[in-house]
Amino acid sequence: MKIEYPDNPDAKRMVKFQIHVRGLRDERVNEVMEKIPRHQFMSGRRIEEAYGDYPLSIGYNQTISQPYMVAFMTQKLKLLGKEKVLEIGTGSGYQTAVLAELAREIYTIERISSLTKRAKALLVKLGYKNIYFMVGDGSKGWKEYAPYDRILVTAAASSVPRPLKEQLADNGILVIPIGESHSYQNIIIIRRLGNRFESWESIGCRFVPLVCDDEID
Ligand code: SAH
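Draft legend 1. Summary view of the nonpolar core. Counting 51 residues, the largest nonpolar core has Met33, Ile36, Phe41, Tyr94 and Tyr128 as its most contacted members. One finds Tyr107, Leu164, Ile188 and Leu210 within the second-largest nonpolar core, a separate group that totals 20 residues.

Here's what the structure looks like:
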């Protein structure tokens, strides 16, 4: 769903000099990132920081992704507007807002309840009505509403959690950072074709780890 926002010169500059210039030219994604008030997802940050070319802390040892990474992963989802999307790692809710503009409905899971609370309050205030929130371990997916046309994970796992593959619709696309935490990671793109899964490695990245319930002792 599209929300109307006031003109946002900082976001326009961010898209021009960090995203478009590096070859990401998906007009639908870029238009959305040119208007969403990214600074509102990071209260207390100066504007230059909020639109800067880097990830930033959002508290609780978590980060909001670099704008380029948000654009890259979103572009890989090839959203046309009708999709049901599962997002793992709500965090600040910024990526959630980008998805909510480009797809039909978003199911977003975050394990830290204070982050969900903050993101939800802001996204509701901004006017989004197509986002459903859950606090919990996203590596298990959200079975109740499966299958999903697209799944986006914004925390790094050492391998693709099986429930996410199972909950991906036929012809669906799953985008996930894979690799050891705090070391080398890659964005992996997976497409489901019946019971087969094709996967591609794309760019390197650095995400906070996907923390799964069964890994906590
Ligand atoms: N997309 C977010 C980035 C969040 S960073 C943004 O734009 O702000 C990754 C998030 O994943 C963190 O908030 C972290 O708490 C969350 N996370 C880590 N492991 C998780 C899990 N198993 N299930 C759900 N969320 C998880």
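Further notes follow.
Draft legend 2. Summary view of the side chain of Glu110. Tracing the backbone through its elements, the reader meets Glu110 in strand E4 (residues 105–110). At 6.0 Å, Arg111 is the nearest oppositely charged side chain to Glu110, a buried residue that forms no salt bridge. Ignoring any residue separated from it by four or fewer positions in sequence, one finds Glu110 in contact with Gly89, Thr90, Gly91, Leu115, Thr116, Met134, Val135 and Gly136.

Draft legend 3. View of the packing of helix H1 (residues 9–19) against helix H4 (residues 67–76). Closest axis-to-axis distance for the H1/H4 pair is 10 Å, and the angle between their directions is 80 degrees. Overall, the two elements H1 and H4 adopt an arrangement that is roughly perpendicular. Facing Met14, Gln18 and Ile19 of H1, the residues of H4 in contact are Pro67, Tyr68 and Ala71.

Draft legend 4. Up close: the site of the ligand. As a matter of local geometry, the ligand sits amid 23 residues, with Ser92, Glu110, Asp137, Gly138 and Val211 nearest to it. Take Thr154: an N or O atom from its side chain is 3.2 Å from a nitrogen atom of the ligand. Contact between the ligand and Val211: a nitrogen atom at 2.6 Å from a main-chain N or O atom of the residue. When isolated, the ligand has an accessible area of 580 Å², and the protein chains bury 100% of it. Mapped onto the shell around the ligand, the elements with two or more residues apiece are strand E2 (62–64) and E4. When residues in the shell around the ligand are grouped by element, the largest group, 3 residues, is from E2.

Calculation rules
- Counting restarts for each chain, with residues numbered from 1 along the sequence as it is written.
- With the structure being a predicted model, the display of local features is reserved for residues of pLDDT at least 70 and the display and counting of side-chain atom pairs for 80 or more, all residues being used for whole-chain, interface and lining totals.
- Neither water nor hydrogens contribute to the side-chain values; these are computed over all heavy atoms in the structure.
- Here the nonpolar core consists of buried residues drawn from Ala, Val, Leu, Ile, Met, Phe, Trp, Tyr and Cys, with membership extended through side-chain atoms lying within 4.5 Å.
- Buried means the residue's accessible area, taken with a 1.4 Å probe over protein chains only, is under 20% of the maximum for its type, while exposed means over 50%, and partly exposed covers the values in between.
- Strands are runs of DSSP state E lasting at least 2 residues, helices are runs of H or I lasting at least 4, and numbering of each runs from the N terminus.
- By the counting scheme adopted, Arg and Lys are positive, Glu and Asp are negative, and His together with the chain ends is not counted.
- The term salt bridge refers to a pairing of a side-chain nitrogen on Lys or Arg with a carboxyl oxygen on Asp or Glu at a separation within 4 Å.
- In what follows, a contact means two residues having at least one pair of non-hydrogen atoms within 4.5 Å.
- Under this scheme, a helix contributes an axis fitted over its contacting stretch, all axes are lines through C-alpha atoms, and angles between N-to-C directions fall in the 0 to 180 degree range.
- Note on terminology: angles under 35 degrees are roughly parallel, angles over 145 are roughly antiparallel, angles of 65 to 115 are roughly perpendicular, and the others are oblique.
- Distances are taken per atom, and a residue is near a molecule or strand as soon as one of its heavy atoms is within 4 Å of it.
- Side-chain atoms alone can form a polar contact between residues adjacent in sequence; in general such a contact is a pair of N or O atoms within 3.5 Å, and within protein one must be able to donate a hydrogen while the other accepts it.
- Here the open area of atoms and residues is found with the Shrake-Rupley method and a 1.4 Å probe, where only the protein chains shown may cover a residue.

Shape descriptors only; they carry no functional weight alone.
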